[in-house]
Amino acid sequence: TLLAALRADAPGAFEQLVRAHGGRLLAVTRRLLGNEEDARDAVQEAFLNAYRAIPKFQGDSLLSTWLHRIAVNVSLMKLRRRRR
């Protein structure tokens, strides 16, 4: 039902998504980046990317798995930029 609400751009749906998954994504990005500020930036960017991609999400996986993958990818990109 959350996915349907997100696709319909229902009021409060995105906030519900952030509240439900934000803590877990922050923990993942903290582990990968080792920096609180970068981790918070990565989570914010991940949610922004997810918001833009909701219409393309086909539902083959759990929404939480999809968000986790987005957060990991954003974190890896931050690490690559950091190395340069």
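In this report, we go over the structure that sits alongside the text.

Conventions and cut-offs
- Residues numbered from 1 in each chain as written.
- Predicted model: local features only at pLDDT ≥ 70, side-chain atom pairs only at ≥ 80, totals over all residues.
- Heavy atoms only, no water.
- Helix = DSSP H or I, 4+ residues; strand = E, 2+ residues; numbered from the N terminus.
- Expected span 1.5 Å × (residues − 1).
- Buried < 20%, exposed > 50% of the residue type's maximum accessible area, 1.4 Å probe, protein only.
- Contact = heavy atoms within 4.5 Å.

1. Notes on unusual backbone geometry
Argument step 1. Not every positive phi belongs to a glycine, and Asp-9 is a case in point at roughly 55 degrees.
Argument step 2. With respect to the secondary-structure elements, Asp-9 resides in the loop between helix H1 (2-7) and helix H2 (13-33).

2. Re helix H4 (residues 63-83)
Argument step 1. The end-to-end C-alpha distance of H4 is 31 Å, a good match for the 30 Å that 21 residues give at a rise of 1.5 Å each.
Argument step 2. All of the buried residues along H4 are Leu-63, Trp-66, Leu-67, Ile-70, Ala-71, Val-72, Val-74, Ser-75, Lys-78 and Leu-79.
Argument step 3. For H4, the elements touching its buried residues are H1, H2 and helix H3 (36-53).

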